[in-house]
Amino acid sequence: MPTLEGLEEAGLEKIPDLSIAKMRFELSLDSTTAKELKIDQAAVKEKLMDKIKAGFMTQLYRDVSSELKLTVNNSVLEEMETKNKEELEKLTEAIENAEKNEGESEVREAMVKKCEYLTLIGDKDGSLKMLKETLEKTNTTGHKLDLHFHLIRLGFFFNDNKIITTNLEKAKELIELGGDWDRRNRLKVYSGLYAMSVRNFQEAAENFLDTVSTFTSYELMDYLTFIKYAIISSMLALDRKDLTKKVVEGADINEVLHDLPLFKNFIYSLYNAQYADFFVALAEIEGFLKSDRLLAPHTSHYVKEMRIRSYAQLLESYSSLTVNYMANSFGVSEKFIDNELSRFITTGALNAKIDKVGGIIQTNRPDKKNWQYQAVIKQGDLLLNRIQKLSRVITI
């Protein structure tokens, strides 16, 4: 497991600075939600604007000022533009000098520095154009991969899924041509983060768990955030057997759970069938999801699916049980449980039925063999129909 301190230098440069994207998200929340999540938007705004001004991030200054309906300070803007112009002229001169007097690697390095600067100041179009030019001048697989990683981070920064998916595909193609161990692991983290952001928790869990002990992608997130994402994805995606093996008994994850008491309670309350405690932990996890810019759009879906999972786990242990017993187990009212189960049974999410008169819940465990038999019969009928249609065509 990577140590929590001292390994961040193993990652790539933190370009773009994804903490800025996080602050922009926090400022996009309505005041009621921000207050609920204990986000001090005034402090966040001040910190964001200070960071933008200190970095002479001209385009970001324009964009954020527009988003927050702030009056643009023309003198500040002019100072930023002058600084950007000076730096870009120096970087362009360095590229030209390298082209005239040095080799290909020096030219590429000079171009990469210009790419990084354009990204740092928030010039998305300029970054994309320069990164494309740099890729065309880059020959080695490893350096090409680093540029595609840069592009993927740019996509995360600007919430541009097209940039992310295009460059993930290209990176996967390059990895097959001979990517090294470190970049293979890095690609898994990037792929997992994107999968999680589009609600593919299965793929996210697989990629995250494969890299728990080899994580070095600090340019995307710190290690504790990575573990949080791995837990969030795994709790929904893995069956109990895999969850036990890879999370509950996972040495690398358990080693840092003392720093993550909420996530520890989240895992073990469900695993140990302490359903009332699980509901309390899930409510707090909901707050974490709402405050995370990648997970916020999936909060309702995730919480619903985790409730279904917990209900199913309890129901699988009994052929029947009372509504009162189930309500007490989850620490909620009978009316709440009755409404929840009725809704999820109707949609087919739970295999059970409720005897409203007796207050009894009866489980309907699906017969796997019977289901497989019925599936074979159905597929056989479809095949026979197709053969009959084909025979008529041939006869004609």
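The structure this text deals with has already been given above.
Residues numbered from 1 in each chain as written. Predicted model: local features only at pLDDT ≥ 70, side-chain atom pairs only at ≥ 80, totals over all residues. Heavy atoms only, no water.

### Structural notes on the overall build of the protein
Quick note on the threshold: Helix numbers and strand numbers start at the N terminus; a helix is a DSSP run of H or I with at least 4 residues, a strand a run of E with at least 2. When checking whether two residues touch, look at their non-hydrogen atoms; a contact exists if any pair is within 4.5 Å. Surface accessibility follows the Shrake-Rupley procedure with a 1.4 Å probe radius. Residue values consider only the protein chains on display as shielding.
When helices and strands are counted, the protein shows 20 helices and 3 strands. For the protein, restricting intrachain contacts to residue pairs at least 6 apart in sequence, the fraction spanning at least 24 positions comes to 61%. Surface summary for the protein: the accessible area is close to 21,300 Å², and the carbon and sulfur share equals 50%.

### What to know about helix H8 (residues 141–157)
Note the cut-off: Expected helix span is given by 1.5 Å per residue-to-residue step, counting one fewer step than there are residues. Exposed residues in this analysis have more than 50% of their type's maximum accessible area, buried residues have under 20%, and partly exposed residues fall in between, with area computed by a 1.4 Å probe over protein chains only.
In a regular helix each residue adds 1.5 Å, so 17 residues correspond to 24 Å; H8 covers 24 Å between its end C-alpha atoms and thus fits that length. With respect to burial, H8 is a largely interior element, 13 of its 17 residues being buried. Just downstream of H8 lies Asn159, where phi reads positive at about 55 degrees.

### Some points on the pattern of salt bridges
Our working rule: Criterion for a salt bridge: a side-chain nitrogen of Lys or Arg within 4 Å of a carboxyl oxygen of Asp or Glu.
As enumerated under the stated definition, the model contains 19 salt bridges in all. In this structure, the salt-bridge partner of Lys290 is Glu36, at a minimum N-O distance of 3.2 Å. Pair noted here: Lys290 is in helix H16 (residues 275–291) and Glu36 is in helix H2 (residues 31–36), with a separation of 254 residues, a long-range link. Between Glu340 and Arg343 there is a salt bridge, and its shortest N-O distance comes to 3.1 Å. Remark: Arg343 and Glu340 occur in helix H19 (residues 334–346); sequence separation between them is 3 residues, near one turn of the helix. By relative accessible area, Glu340 is classed as buried at 6%.

### A closer look at the sheet that holds strand S1 (residues 320–322)
Inclusion rule: Strand pairing follows a simple DSSP-based rule, namely that at least 2 bridges must link the two strands. Orientation is described by lines fitted to C-alpha atoms, with helices fitted over the stretch in contact, and by angles between N-to-C directions that extend from 0 to 180 degrees.
With antiparallel pairing, the 3 strands of this open sheet are ordered in space as S1-S3-S2. Each having just a single partner strand, S1 and strand S2 (352–355) make up the two edges of the open sheet. Neighbour-to-neighbour, the strand axes of this sheet turn through a mean angle of 20 degrees, independent of strand direction. Bridge analysis of S1 against strand S3 (residues 360–363) gives 3 bridges, and the strand direction is antiparallel. In the sheet register, Thr322 faces S3, and the bridge partner there is Ile360.

### Overview of the packing of helix H4 (residues 58–67) against helix H5 (residues 74–101)
To keep it simple, the criterion reads: To sort the angles, those under 35 degrees are grouped as roughly parallel, those over 145 as roughly antiparallel, those from 65 to 115 as roughly perpendicular, and the leftovers as oblique. Throughout this entry, Asp, Glu, Lys and Arg are counted as charged residues, while Ala, Val, Leu, Ile, Met, Phe, Trp, Tyr, Cys and Pro are counted as nonpolar. The remaining residues, Gly among them, count as polar.
Across the interface, H4 lies against H5 with an axial gap of 9 Å and an inter-helix angle of 150 degrees. Considered as vectors, H4 and H5 are oriented roughly antiparallel to each other. Together, Thr58, Tyr61 and Arg62 of H4 and Val76, Leu77, Met80, Glu81 and Asn84 of H5 make up the contact between the two elements. Taken together, the residues of the contact of H4 with H5 break down into 4 nonpolar, 2 polar and 2 charged.

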